[in-house]
Amino acid sequence: MNIIVQARMSSVRLPKKMSIKVNNYTILEHVINRLSAIKKNKKIYIATSKEKDDDEIEGISKKYDVILFRGKLINVYERYYDLLNKFNIDHFIRISGDSPLIDYNIILKCHDIYLKNDYDIITNKNPRSFPIGQTVEVINSDKFIDSKKYVTTDYLKEHVTIQMYQNNYKYFNHTYEEDYSKLNLSIDNENNLKKFNNFINFNKSNNLKLRDIIKFYEEN
């Protein structure tokens, strides 16, 4: 199982959010810790840029059993493309670095669907029913590399899988039991950060499953 976490320091809405500490752990560390709870054999890759600002992400990554890859900043598609070719990965799981509440059970479910079927991409965001911050994509590397011919705009270079949904690649959308697509569990702004702080004060080990996380967010 190859999990790629996309992370950078140059976020516009909340600069340097990857290094913001909540209960002694940075946002990126919370993501790594949540993923590390997966019992299956796995490799976690941190995909960041070669920019000086992202040296801090390298410093965080060195504290953990993860593989750091540094590529292009703006052309995120190329960052993934180069990583996949360097490490010869046949399929991968894409996770955002601003998802410190990611429930690994969603990852396991999507990965299981991928292994048992013949899809190019398993997603849970097209259309979305899971909360924002719980996005998982399991992607066939050959198909992802093949889709490069469709990556022709800056928008597609930044949002690296949209071209696969637009161009007849086979995908399956995993849905949640209820529609929580409006609930934001990611860290995009100061308000998200405040809510996450409140949650960590309630659950310092940050080990609750999605249903319990949703319950807390709805009640607080």
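In this report, the structure presented in the accompanying data block is examined. (Residues numbered from 1 in each chain as written. Predicted model: local features only at pLDDT ≥ 70, side-chain atom pairs only at ≥ 80, totals over all residues. Heavy atoms only, no water.)

Time to look at the packing of aromatic side chains. Inspection of every chain in the model, using the stated rule, returns 17 aromatic pairs. Between Phe202 and Phe216, the aromatic rings sit 4.7 Å apart at their centres with planes inclined by 20 degrees, giving stacked as the arrangement. Placement of Phe202 in helix α8 (residues 190-202) and of Phe216 in helix α9 (residues 210-219) is noted, with a sequence separation of 14 residues between them. Using a relative accessible area of 11% as the deciding quantity, one classes Phe216 as buried. Ring centres of Phe216 and Tyr217 lie 6.2 Å apart, and the angle between their planes is 70 degrees; on these two criteria the pair is classed as edge-to-face. Here the two residues Phe216 and Tyr217 agree in accessibility, since each one is buried. Above the face of the Tyr81 ring, Lys148 is positioned so that its terminal group lies 4.2 Å from the ring centre. (Phe/Tyr/Trp six-rings, centres within 6.5 Å; stacked < 30°, edge-to-face > 60°. Helix = DSSP H or I, 4+ residues; strand = E, 2+ residues; numbered from the N terminus. Buried < 20%, exposed > 50% of the residue type's maximum accessible area, 1.4 Å probe, protein only. Lys NZ or Arg CZ within 6 Å of the ring centre and 35° of its normal.)

If you walk through the whole model with that rule in mind, you get 16 salt bridges. The shortest N-O distance in the salt bridge between Asp118 and Lys170 comes to 2.9 Å. Linking Asp118 in the loop between α4 (104-116) and β7 (121-123) with Lys170 in the loop between α7 (162-166) and β9 (171-173), this pair joins segments that are 52 residues apart in sequence. When its relative accessible area of 58% is taken as the criterion, Asp118 is described as exposed. In the salt-bridge network here, residues are joined through shared partners; they are Lys52, Asp55, Glu58, Lys62 and Arg70. (Salt bridge = Lys/Arg side-chain N within 4 Å of Asp/Glu carboxyl O.)

Along the chain, Thr161 turns up in the loop between α6 (154-158) and α7. Residues contacting Thr161, with those up to four places away along its chain left out, are Arg94, Ile121, Lys125, Glu137, Ile139 and Phe144. (Contact = heavy atoms within 4.5 Å.)

Taken together, seven strands build an open sheet; the order of strands is β5-β4-β1-β6-β8-β7-β9 and the sheet is mixed. The open sheet is flanked by β5 (67-71) and β9, the only strands paired with a single partner. Here the average twist between neighbouring strands, direction ignored, is 25 degrees. Note that strand β1 (residues 2-6) and strand β6 (residues 91-96) share four bridges and pair parallel. Within β6, the position partnered with Val5 by the bridge is Ile95. In this fold helix α1 (residues 27-36) packs onto β1, β4 (43-49) and β6, with an angle of close to 160 degrees to the strand it touches most, β4. Lying over the sheet, α4 contacts β6, β7, β8 (137-140) and β9, oriented at roughly 155 degrees with respect to β6. (Pairing = 2+ DSSP bridges. Axes fitted to C-alpha atoms, helices over the stretch in contact; angles between N-to-C directions.)

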